[in-house]
Structure formats: C-alpha cells, structure tokens
Amino acid sequence: MTSSTQAFASSALSRRRLLAAGAGLGLALQMWGPRALAAPGRRKFVLVILRGAADGLSITPPVGDRAYAPLRRDLAITEVALPLDGDFGMHPELKTVHRLIGVGQGRFAPAVAMPAAGRSHFEAQDHLEAAAGDDVSSGWLNRAMASLGRGAPVEGLSVGPVAPLVLRGPVATSSWSPGRAVETAARLPMLVQDLYADDPLLGPALARGLKTEVLAQANLARLAADSADTPEAPNAPRVSRGMLGDSREAATRLGDAVAGFMREESGADVVAISLDGFDTHANQAGALSRRLAYLDSLLGGLQSGLGQGWGETVVLVVTEFGRTARVNGTLGTDHGTASTALLLGGGLKPGGIIGDWPTLQEARLFENRDLASTTDLRSLFKGVLADHMDVDRRALDTTIFPDSAKAPPILGLV
C-alpha cells in the first residue's frame with residue numbers, strides 16, 4: 001500500500017463515512033447478511049407500493065353497486081370506466097392493466113387491508129411493509145427471501161432514493177435511484193472497493209453496489225440507443241434524467257429500465273418500487289388520474305421490457321389503506337380502510353375478483369365512513385409467495401408474517 005493510500009485509508013473512511021461516500025457516488029449499499037438462494041426457474045416478483053393511500057373505489061370503481069354513485073357524487077367513475085364486468089370497471093387511465101385483465105394476466109382484490117392498520121400514513125406503511133406487529137426491524141419481503149432454500153442466489157433490488165422497509169432485513173439487497181449517475185471512469189469507487197475487498201461486510205456490499213451501477217449504466221445506454229425523441233445524439237445521462245418527472249414517457253422508460261435489471265442472468269429476482277402522490281384530500285379527480293397514468297405506463301414499460309420473462313413474473317400493486325366512501329368538502333377523500341390490490345403477470349391462473357365485496361350500503365360501511373375490508377392483505381402476500389416463489393407455509397405463518405395463522409394464504413392465483 002502506498003503512503004497516499006495509507007493516508008486515505010486511515011483518515012476517516014469509517015463504515016458510516018463510507019456509506020455517505022457511496023451515496024455521493026450514486027451507490028446505495030445495503031449491508032445485511034448473505035444473499036438468499038432461489039429454486040430453479042428464476043421466477044420474478046415485483047411489489048409496487050402506492051404511498052399516500054390510493055383510492056380503490058376509483059381504481060376499480062364498483063359500478064354495479066347502487067350506493068356508489070350517490071356516495072361519490074362528482075368523483076364517481078361510471079360512464080368513462082373501462083368495462084370489466086357488470087359489477088366493476090377500471091379507471092380510464094389504467095389501460096394497460098385493463099388489457100392485461102382482458103387476456104387473463106391480471107386480477108384484482110377490491111376490498112383488502114392490513115389488520116388494525118389505523119389511518120396514519122407512517123404507521124400504516126410500517127405495518128404494511130414489516131407485517132410483524134410493533135417490530136419494524138425488517139420487512140416481510142426480505143424475510144421471505146431469507147426463507148428460500150438451496151439454489152441460485154436471489155437478488156433483491158429496490159427502486160427509489162431510499163430502500164423501503166419491506167426489503168430491509170437479513171438478506172443483502174441493492175437499490176437504484178433513477179436520475180443519478182456515476183462517472184464509471186472515476187477512480188474513487190474502484191479504490192474504495194480495493195481497500196475493503198477483504199472486509200466481510202463492506203466488501204460484498206461495495207461489490208454489489210458497483211454491480212448495480214454497471215447494470216444501470218448498461219440499461220441506460222441501451223435505452224439511449226433506442227431513443228429517437230431528440231435531434232441530439234442520445235446519451236445515458238439524458239435518458240436517466242428522462243425517467244424523472246410525472247409523464248407517461250418517463251414512467252415507461254423507468255419500467256423498461258427496471259425490466260433491464262431483471263433480464264440479466266444475475267439480475268434482480270425480487271423488486272420493490274415505491275410511488276408517491278396518492279394522498280388525494282383535495283381535487284382528487286385530476287391528481288389521481290395523473291398518478292394512475294404514471295403507474296399504468298410504468299407497468300406497460302415493465303411488461304414490454306421483460307419480453308418472454310413476463311411469463312415468469314408476478315406484479316402485486318398495493319397501498320397502505322384506502323379512502324373514505326364519501327367525498328369531502330374539497331372534492332377529495334380522506335383516510336379510509338380498505339382499498340384495491342392489483343395482481344398482474346404472465347403466469348396467473350384465470351379467475352375473477354379476489355375476495356368478497358362488502359358493498360357500500362350504509363350499514364356495511366366500516367365506522368359508517370369506509371369501505372370495509374373482506375380480505376387480509378397478508379393472505380394475498382402469502383398466496384403469491386407460496387405459489388410463485390415456493391416459500392414454505394410454516395415460514396409464512398411464523399417468521400415471515402409472525403402470528404398470522406388466522407390469515408391463510410389465498411392459493412391458486414399463480
């Protein structure tokens with residue numbers, strides 16, 4: 001080691017400072033334990049969390065429920081709803097989801113919630129992602145990865161500026177934040193990796209972060225090569241910035257980029273994506289339409305980007321709780337209880353809605369204000385993990401979702 005390198009090493013690259021340095025380089029380093037192992041087949045699972053409490057009564061409007069239009073008044077989505085059956089429609093911005101349901105690659109649960117989630121965003125999101133009572137030290141998706149038996153390594157990836165709780169825990173995962181880029185020729189990342197190559201904690205984490213960045217740059221270069229939307233020569237940084245914002249084009253590019261991570265031979269098997277902006281207390285119609293259009297385009301980009309891999313992929317879209325059945329005084333809705341969950345993928349078994357519909361009759365509303373829950377979200381999570389990822393039933397009831405035996409898995413979905 002040279003004197004300059006010794007000075008660099010002894011100055012201060014403590015583990016905490018190294019994490020800060022990694023963040024500055026665009027690397028997100030999550031340093032929990034070893035990698036999980038998967039069974040053959042490389043099945044893929046994507047969890048999309050709609051933060052802010054997405055309104056299920058607008059995502060899948062119950063057009064056949066006679067109480068719906070009087071409760072929702074100006075926010076009722078009836079004639080413009082995309083047709084599903086006589087009982088439910090689909091929000092007009094969810095064209096991709098509607099198409100997938102039409103070809104048997106999509107289903108929905110119209111009245112789901114976590115038990116005792118409350119109506120606080122932060123507490124309910126912790127409850128949704130940890131699913132372990134008051135213990136928020138790890139997320140259920142990470143614990144599910146930890147329970148997998150022998151096989152090829154399972155790679156986990158979160159997409160966004162902060163790794164969500166659901167993917168934190170004993171299994172090492174990676175994260176990627178769109179719009180940030182690392183100068184791949186920079187010497188510092190390589191130097192730091194060399195310095196900590198023998199560190200049992202930081203060495204693997206740095207290698208994983210750099211690998212994620214290499215995959216990101218490769219995906220951006222591919223998207224740049226395919227781009228013809230500007231007269232200038234396309235480049236990866238411009239494409240990366242093009243994933244920012246709320247447009248359908250940005251969402252489609254993001255979905256395609258995530259698919260690029262998943263297509264690689266050693267790419268992501270489990271992905272968690274967080275989307276904000278679903279807390280619609282005022283002027284809900286326009287705000288929700290924009291966010292659902294973004295979600296729909298992201299899902300479309302993901303499906304098209306995966307190609308044949310879509311047949312081995314399951315996507316689950318959830319939110320922390322629903323919204324009130326009645327409209328408030330500012331043409332919005334307030335924090336509620338049950339909402340809609342979307343289940344998509346090329347390998348789904350055909351079927352109708354998941355769970356029962358409680359109706360919106362006044363006597364059936366929860367606390368005289370909310371759509372009541374008929375399906376425990378943990379049952380939906382368990383069913384997907386058991387059928388699609390071959391997670392052990394005992395582990396589902398104990399370590400992954402502690403004390404949840406009374407919420408049996410909904411099997412036969414995949």
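Cut-offs and rules
- Residues numbered from 1 in each chain as written.
- Predicted model: local features only at pLDDT ≥ 70, side-chain atom pairs only at ≥ 80, totals over all residues.
- Heavy atoms only, no water.
- pLDDT = per-residue confidence, 0-100.
- Contact = heavy atoms within 4.5 Å.
- Salt bridge = Lys/Arg side-chain N within 4 Å of Asp/Glu carboxyl O.
- Helix = DSSP H or I, 4+ residues; strand = E, 2+ residues; numbered from the N terminus.
- Buried < 20%, exposed > 50% of the residue type's maximum accessible area, 1.4 Å probe, protein only.
- Phe/Tyr/Trp six-rings, centres within 6.5 Å; stacked < 30°, edge-to-face > 60°.
- Lys NZ or Arg CZ within 6 Å of the ring centre and 35° of its normal.

Notes on the confidence of the model for the protein
1) Next: Per-residue pLDDT for the protein has a mean of 82; in total, 73% of the residues score no lower than 70.
2) Next: Counting contacts from residues 1-33, a segment whose pLDDT is below 50, to residues more than four positions away or on other chains yields 59 contacts.

Focus on the pattern of salt bridges
1) Next: Per the counting criterion, the structure on display carries 15 salt bridges.
2) Next: When the shortest N-O distance is used, the salt bridge between arginine 43 and aspartate 390 registers 3.6 Å. Of the two residues, arginine 43 sits in the loop between β2 (36-38) and β3 (44-50) while aspartate 390 sits in the loop between α13 (377-389) and α14 (393-400), which places them 347 residues apart along the sequence.
3) Next: The partner of aspartate 55 in a salt bridge is arginine 72, with the nearest N and O atoms 2.6 Å apart. Here arginine 72 lies in helix α4 (residues 68-72) and aspartate 55 lies in the loop between β3 and α3 (56-59), a separation of 17 residues in the sequence.
4) Next: Residue aspartate 55 is classed as buried on the basis of its relative accessible area, which comes to 1%.
5) Next: On the basis of relative accessible area, arginine 72 is assigned to the buried category, the value being 0%.
6) Next: Each of Arg119, Glu367, Arg369 and Asp370 takes part in one network of salt bridges that share partners.

Here's the deal with the environment of glutamine 125
1) Next: With respect to the helices and strands, the residue glutamine 125 is situated in helix α6 (residues 121-130).
2) Next: Considered as a pair, glutamine 125 and phenylalanine 321 are 196 residues apart in the sequence and their alpha carbons are 8.6 Å apart.
3) Next: Excluding residues within four positions of it along the chain, glutamine 125 makes contact with Arg51, Gly52 and Glu320.

Remarks on the packing of aromatic side chains
1) Next: According to the stated counting rule, one finds six aromatic pairs in the structure shown.
2) Next: On the basis of an interplanar angle of 25° and a centroid distance of 4.3 Å, the ring pair of tryptophan 140 and phenylalanine 381 is categorised as stacked. Of the two residues, tryptophan 140 sits in helix α7 (residues 140-147) while phenylalanine 381 sits in helix α13, which places them 241 residues apart along the sequence. The pair formed by tryptophan 140 and phenylalanine 381 is uniform in burial state, with each residue classed as buried.
3) Next: Ring centres of tryptophan 140 and phenylalanine 401 lie 5.4 Å apart, and the angle between their planes is 35°; on these two criteria the pair is classed as tilted. In this pair, tryptophan 140 is assigned in helix α7 and phenylalanine 401 in the segment after α14, connecting sequence segments 261 residues apart. Per residue, the accessibility class of tryptophan 140 equals that of phenylalanine 401, and both read buried.
4) Next: Aromatic rings pair up to connect Phe88, Phe108 and Trp357 into one cluster.
5) Next: In this arrangement the basic side chain of arginine 291 is found over the ring face of tyrosine 294, its NZ or CZ atom lying 4.9 Å from the centre.

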